[in-house]
Amino acid sequence: MRKWEQKRAQEISEYILVTHIVSLLIFLMIVFSFYNLPLGLHFPLYLLFMFIIFTVTIIAYTASKLLPRITNLEQPQIDEILLLAVIFPLAFIFLWYSHNFFGAKVLILVPSIIAATSLGKLGGTTAAVLASALLFFLDYRLHNYLPPEIFQTNSIITGVNLLLTWLVGGLMEVERKTRQELLQLADYDQLTGLYNHRYLQEKLALTLQKAAAANLPVSFALLDIDQFKYFNTVYGYQKGDEILANIGQLLGEEIKEPCYAARYGSDEFALVFPGKEKSEAARATSHIKEKIVSRATVSLLESERTPPFKPFTIVTGLASYPADADGVSSLVRAAENDLYRTKYSRGDAYLYYSIISEITHLKVKEAFPTLQTLVALINIKDRYTFGHSERVMSYSLALAKKLSLSEEEKDTLRYGAYLHDLGKIEVESAILNKTGSLTEREWEIMKMHTILGSEIIKPLLFFQDISPIIRSHHENYDGSGYPDGLKGEEIPLPARIVRLADSFDAMTTDRPYKKALTFLQASQELQKYAGKHYDPLLVDLFLEAVKEAYEKRNTYL
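Just so it is clear, the structure is predicted and the values come from calculations on it, not from any experiment.

Trainee: Please set out the overall build of the protein residue by residue, giving values where relevant.
Mentor: Regarding its fold elements, the protein presents 21 helices and four strands. The long-range share in the protein, meaning contacts at least 24 apart out of those at least 6 apart in sequence, stands at 70%. Entry remark: accessible area of the protein is about 28,000 Å², with carbon and sulfur atoms responsible for 60%.

Right, here's the structure in full:
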């Protein structure tokens, strides 16, 4: 029992103890009143003996309560039940013996109150009904009928008895429920219904102690929702909470005692397997992981009706006591290390999602330096287009200057042009660097980079103006492009500009399968496809704008 829990139990136990002692003293006072005994010790020997026995009983009961200073309110104490078993028949024996002594009738309150404090509202009320019924029965047997004055007295006492036990029992139940709710708040995560991080540490320490005593292993697993910030941003935090709640429910269904689950962090869960070896725990964790992914994917499909661009994945880490660790901290650390090894051994794909998650709420200018890391990853994968993004951005801005675009429009174009090939991070290096012609399947994969790029930055709140540029920079003016078959002015102006800049740089850059064209040759190609691939109103302006930039580029080559 924790300190705060023990303190609260001790405080309420004092009230219970005083109630029981007062009840016993009332019993004793009624006995004194029946015999009209004066204060002092001048009474018969048998009464003195009875008084001593009663006093010893009260002292023993009081000592049993004060010494432990702990009362378990979840279930009645054995000593309270024994006290009730003694007092209940004793009260009615005295009632039978005292006959017409009306003051003795108050004795029925004593067992009723003890029952209410021990058993709660239902138990106390039941005891009160039983005691009142016995009271009417005894008077009927004594008089062979119920005189009006006795019936009235018994009815009043019965009413007081029922009301008092209902009230006392109700207060005890309120205390019990309050303590249970406090325990719920202190030990459980309110969203998932699982143990929280704080209580997991306490319970895990106890689990390891028991395992050490019994010489048994304990396996500990961590489950991390991969890039959960992405799903919160794209689908909304309400959907994120729904997924977490569903995971909590699933773990509650799947994890059976003595195993247990806890919410370890905002998007992490812990599983504890007492008595299970690491291999057995790994199988159980894998099974649970598959169920979580399946349920979460279904939940996401309810929102979008199309599979999420980024698959919902879970990364796990596993450690075992005593094989990997000798205590709580070292066991958790070993599981975390295993999780991070798994997480960061998956290459560039994980890295760029990590970057996207970290800059979700940054403005474009603040986030742009970080996004340069992504472009560097693309350059590493597609070695034949190194510097391509920078040149496309430079050419696009040269045309923007000719078109007298506003500073805000130039910024949107700058970042869109720089990130236009962002989706290539999802395309295999073998396809990007293939020296021969692409197969039909490979070409379909390559064309997906426009969609993939726009989806990657979808979570970035301040990048929404850039997304259409990335998606539409391979649309053709006559509608023959991809991915949406837009044509003419359906294609956003910045995307039409990037289309020109992208094609021009591809034509004027050496590739393994194609020698770079001269400026004149590239100009002729652009003019040839004006109105087909390119906006005819932009081609001449573009060539005029980039001529100077292209000549500067060749000067430094």
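Trainee: Requested: an account of unusual backbone geometry, with residues and values cited.
Mentor: The omega torsion across Tyr321 and Pro322 is 5°, close enough to zero to call that bond cis. Considering the arrangement of structural elements, one finds Pro322 in the loop between strand E4 (314–321) and helix H10 (328–343). Here the bond from Tyr482 into Pro483 is cis, since omega is 10°, no more than 30 degrees from zero. Of note, Pro483 is situated in the loop between helix H18 (467–472) and helix H19 (493–507). Of note, the phi angle at Asn215 is positive, near 55°, even though the residue is not glycine. As for its placement among the helices and strands, Asn215 is situated in the loop between helix H6 (197–214) and strand E1 (218–225). Even without a glycine there, the phi angle at Ser404 is positive, about 55°. As for its placement among the helices and strands, Ser404 is situated in the loop between helix H13 (388–402) and helix H14 (407–418). For Ser404, a relative accessible area of 63% translates into the label exposed.

Trainee: Could you give me a rundown of the pairing of E4, with the residues and numbers involved?
Mentor: Counting buried positions along E4 gives seven out of eight residues, so the element sits mostly inside the fold. Strand direction decides the pairing type here: E1 and E4, joined by eight bridges, are antiparallel. Considered in E4, the bridge of Asp224 is made with Val315.

Trainee: Explain the nonpolar core to me, and be specific about the residues and the numbers.
Mentor: If you look at the biggest cluster of nonpolar residues, it comprises 35 residues, and the most contacted ones within it are Ile457, Leu500, Phe504, Leu526 and Phe542. Elements represented by at least two residues in this core include exactly H13, H14, H18, H19, helix H20 (519–528) and helix H21 (536–556). With 28 residues, the next largest nonpolar core counts Phe273, Ile292, Ile314 and Leu318 among its residues.

Trainee: Please give an account of the packing of H13 against H14 that cites residues and values.
Mentor: The interhelical angle for the contact between H13 and H14, taken along N-to-C directions, is 155°, at an axis separation of 8 Å. Between H13 and H14, the angle falls in the class roughly antiparallel. Once H13 is placed against H14, the crossing between them reads as right-handed. Of the residues in H14, those in contact with Ser389, Glu390, Val392, Met393, Ser396, Leu397, Ala400 and Lys401 of H13 are Lys410, Leu413, Arg414, Ala417 and Tyr418. Residue composition of the contact of H13 with H14, grouped by class: seven nonpolar, two polar and four charged.

Trainee: Mind laying out the packing of H13 against H19, listing which residues take part and the relevant values?
Mentor: In the contact formed by H13 and H19, the axes pass within 9 Å of each other and the chain directions differ by 130°. Overall, the two elements H13 and H19 adopt an arrangement that is oblique. H13 and H19 meet at a crossing whose hand is right-handed. The segment H13 lies against H19, with His388, Arg391, Val392, Tyr395, Ser396 and Leu399 engaging Ile497, Val498, Leu500, Ala501, Asp502, Phe504 and Asp505. For the contact of H13 with H19, a count of residues per class yields eight nonpolar, two polar and three charged.

Trainee: Summarise the confidence of the model for the protein; cite the residues concerned and give the values.
Mentor: Counting all residues, the mean pLDDT for the protein is 78, and 70% of those residues have values of 70 or more. Summarising per-element confidence for the protein, the mean pLDDT is lowest in helix H11 (residues 348–358) (50) and highest in strand E3 (residues 268–274) (95). Confidence drops under a pLDDT of 50 for residues 69–76, and excluding neighbours within four residues, the segment shows 21 contacts in the predicted structure.

Trainee: Any details on the packing of aromatic side chains? Residues and values, ideally.
Mentor: Here the structure, examined in full by the defined rule, presents seven aromatic pairs. A centroid spacing of 5.1 Å and a plane angle of 40° characterise the contact between Tyr188 and Tyr195, whose relative ring orientation is tilted. Classification of Tyr188 by relative accessible area gives partly exposed; the value is 26%. An aromatic cluster of three or more residues is present, and its members are Tyr188, Tyr195, Tyr199 and Tyr260. Seen from the ring of Tyr260, Lys203 lies directly overhead, with NZ or CZ sitting 5.0 Å from the centre.

Trainee: Quick rundown of the sheet that holds E4? Include the residues and the values.
Mentor: Sheet architecture is open: four strands sit in the order E2-E3-E1-E4, paired in antiparallel fashion. Only two strands of the sheet have a single neighbouring strand rather than two, namely strand E2 (260–263) and E4. Across this sheet, the average inter-strand angle for adjacent strands is 20°, counted without regard to direction. Pairing geometry for E2 and E3, over four bridges, is antiparallel. If you follow Tyr260 over to E3, its bridge partner there is Val272. Of the strands in this sheet, E1, E2, E3 and E4 touch H6, which is tilted by about 150° from E2.

Cut-offs used in this document
- Residues numbered from 1 in each chain as written.
- Predicted model: local features only at pLDDT ≥ 70, side-chain atom pairs only at ≥ 80, totals over all residues.
- Heavy atoms only, no water.
- Helix = DSSP H or I, 4+ residues; strand = E, 2+ residues; numbered from the N terminus.
- Contact = heavy atoms within 4.5 Å.
- Areas by Shrake-Rupley, 256 points an atom, 1.4 Å probe, with all protein chains shown as cover.
- Buried < 20%, exposed > 50% of the residue type's maximum accessible area, 1.4 Å probe, protein only.
- Pairing = 2+ DSSP bridges.
- Core = buried A, V, L, I, M, F, W, Y, C linked by side-chain atoms within 4.5 Å.
- Axes fitted to C-alpha atoms, helices over the stretch in contact; angles between N-to-C directions.
- Parallel < 35°, antiparallel > 145°, perpendicular 65-115°, else oblique.
- Left-handed = near helix turned anticlockwise from the far one by under 90°.
- Nonpolar A, V, L, I, M, F, W, Y, C, P; charged D, E, K, R; others polar.
- pLDDT = per-residue confidence, 0-100.
- Phe/Tyr/Trp six-rings, centres within 6.5 Å; stacked < 30°, edge-to-face > 60°.
- Lys NZ or Arg CZ within 6 Å of the ring centre and 35° of its normal.

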